[in-house]
Amino acid sequence: MEPTQFKHLSAEEQDWLDAYLNGTIEREAFEALQERMLERPALRAIMRRYLALDHHLQNDLTAANATTEPWLAAEAPLNVVKPKRQQRWLSGWAPMAAAAALAFFFGLAIMHWGTPATQGPEGFETAAGEQPSARGFAVVGRLFDATWPDQGTQHREGDTLEAEVFRLAAGTAEIQFFCGATMTVEGPAEIALKSAWEASCNEGAVRVRVPPAARGFKLHAPSTEIVDLGTEFGLSVRGGKEQVEVFDGKIALQRDGDDRSILNKGGALGLNASGAPIPTAAGAVAFPDADRNGSRAAVQRATDFEHWTTHRDALAQDPRLLLYYTFERDKIGGLIPNLATPRNPELDGAVVLAEPVDGRWQGLKSALEFRRPGSRVRVNVPGEFAAFTFAAWVRIDSLDRWYNALFMADSYETGEPHWQIQNDGKMILSVMVDDARPDPKAKDGATMRFQHLYYSPPMWDQSMSGQWMHVASVFDPVNAQVSHYVNGKRISREKILPKFMIKTLRIGNAEAGNWGQPFREDPTFAIRNLNGRMDELAVFKVALGDDEIARLFEQSRAQQR
């Protein structure tokens, strides 16, 4: 039986929808469908439900999992349902327009039909259809007082590692291989990474844990190849001396020209290139232990967090602040309190679909995650201002959208800001110069939006996924310049040309982590949710200088990066 809401379609509209889903729609019919949807909100609503139903039917959902009216309760897909056959006329810009329009419908469906099921990060497709990718086969895990031989080889937690030499001057670092093995390295050390299943210890002390799924992991000492058989063992290479010890399970040792030998739990050997392995006493070498260091790090983390709370309370007193959101777990409900003093509940942010998750101090502080297309924090900021500084701690998982929102005014009218990140990793700050300037090319008195976008160099790529970073942008009409910062350092500065100058700034209705106008009769908007987390957001009504941005970063950062 045909769903009741589909009976509102005319025969012509029904034919258009059927033809689109079958991939047989003609150019003229497609353009007519677009025009009709712009005219009829009811048709747009039907289109959303029709596409959601088609998606679920194509995925062969069982009747047991379906409701009596699945087109009302189902989650709309984030990716446009692709027609089975493509007509030739779809080879140009038309499919991009269609995809954008339908992506909008799917975003609305998610917001209007309730909470969607959990979804993983999406990857955006480039014009060539390539998926974003990251090279490597291991990642940097926990770091404990780690220092590096030179500036060019510094690593941070979450960095992806590929075939390279990992050098550590001092402290302890954890390397997590994609096969499942975990290596704890104590500096000074030099580890040659070869693959997800193989590495060489040229210098240093390491402890390797290999779960059953990673059995066969190889670690080379200068004189011997060690093949792990599902165990935990340590290897020390210091001053030309090598020692291996098995803490659990067993390992296989292979020297050039010799038969393979087995070393079991509790066994320890001195390895020497000039002779046979020499049995030694277990416990003679203090091998690194990330868990033991982790306990010490937990104490440091608590101290770190206490220092941050002191910074938070002091910053909240800054009279130049407009908004200050810290997203702390015990304060997150339907509203995020604006901590800027004097307290004004009218500036509290309303949370829509964004989820509280662990922030920069795991277990001590939360952040907000903007994973869903409808997730956002809504706020209204009245008044007029002379400058803007935006600063936030963010953890980007991927840049799925063409533009990925940080903080954006709804209407983007004269004097209102947009702060976002482009999909190539460039940060963008813009303020609308004139939203109704006469179009010099038009003869009928039409107007145009007049603006300028201020870009930073690329400051993020896929290898940085999951890393916390401090970003800031400053719009400074007094000095006629726009500046961008990452982790306290200025990465770009651009002059504001006289034709783009605007000195009266506003915000009005705005959003953190997204952009849209979901409460208007015709809520067309581009989906720009930030696929990641935001731990702290500050908006100032003045232009902060380089030193102030650097100090803001240093006073709010965690010591263990």
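Structure first, text after, so check above.
Not measured: the values here are computed from a predicted model.

Quick word on the side chain of Ser398
Phase 1 of the analysis: Mapped onto the elements, Ser398 comes out in the loop between β21 (388-396) and β22 (403-409).
Phase 2 of the analysis: Polar contacts involving the side chain of Ser398 include one to the side chain of Asp400, which spans 2.6 Å.
Phase 3 of the analysis: Among the polar contacts made by the side chain of Ser398, one reaches the side chain of Asn531 at a distance of 3.1 Å.

Some details on the pairing of strand β6 (residues 198-209)
Phase 1 of the analysis: The pairing of strand β5 (residues 182-195) with β6 spans ten bridges and is classified as antiparallel. Its bridge partner lying in β6, Glu190 is registered against Glu203.
Phase 2 of the analysis: In this antiparallel pair of consecutive strands, β5 and β6, the connection spans two residues.
Phase 3 of the analysis: Where β6 lies against strand β7 (residues 218-220), three bridges are found, and the strand directions are parallel. Looking at the pairing, Ala199 lines up with Leu219 of β7.
Phase 4 of the analysis: When β6 meets strand β9 (residues 232-238), the two strands line up antiparallel, connected through six bridges. Bridge assignment links Gly204 to a residue of β9, and that residue is Val237.

Regarding the environment of Tyr325
Phase 1 of the analysis: In this fold, Tyr325 is placed in strand β15 (residues 321-325).
Phase 2 of the analysis: By relative accessible area, Tyr325 is classed as buried at 1%.
Phase 3 of the analysis: Along the chain, Tyr325 and Met534 lie 209 residues apart, while their C-alpha atoms are 9.7 Å from each other.
Phase 4 of the analysis: With residues near it in sequence (within four places) discarded, Tyr325 still touches Ile336, Pro337, Asn338, Leu347, Asp348, Gly349, Val379, Glu536 and Leu537.

Digging into unusual backbone geometry
Phase 1 of the analysis: Between Gly187 and Pro188 the backbone carries a cis peptide bond, its omega angle lying at 0 degrees.
Phase 2 of the analysis: By the element assignment, Pro188 lies in strand β5.
Phase 3 of the analysis: Residue Pro342 is reached from Thr341 by a cis peptide bond, and omega for that bond is 0 degrees.
Phase 4 of the analysis: Mapped onto the elements, Pro342 comes out in the loop between β16 (335-336) and β17 (349-352).

Some words on the nonpolar core
Phase 1 of the analysis: With 49 residues, the main nonpolar core has Phe407, Trp419, Phe475 and Leu537 as its most contacted residues.
Phase 2 of the analysis: With five residues, the top contributor of residues to this core is β21.
Phase 3 of the analysis: The next biggest cluster of nonpolar side chains, apart from the first, holds 39 residues, and it includes Leu143, Ile175, Ala214 and Phe217.

Cut-offs used in this document
Residues numbered from 1 in each chain as written. Predicted model: local features only at pLDDT ≥ 70, side-chain atom pairs only at ≥ 80, totals over all residues. Heavy atoms only, no water. Helix = DSSP H or I, 4+ residues; strand = E, 2+ residues; numbered from the N terminus. Polar contact = N/O pair within 3.5 Å; in protein donor to acceptor, adjacent residues only side chain to side chain. Pairing = 2+ DSSP bridges. Buried < 20%, exposed > 50% of the residue type's maximum accessible area, 1.4 Å probe, protein only. Contact = heavy atoms within 4.5 Å. Core = buried A, V, L, I, M, F, W, Y, C linked by side-chain atoms within 4.5 Å.

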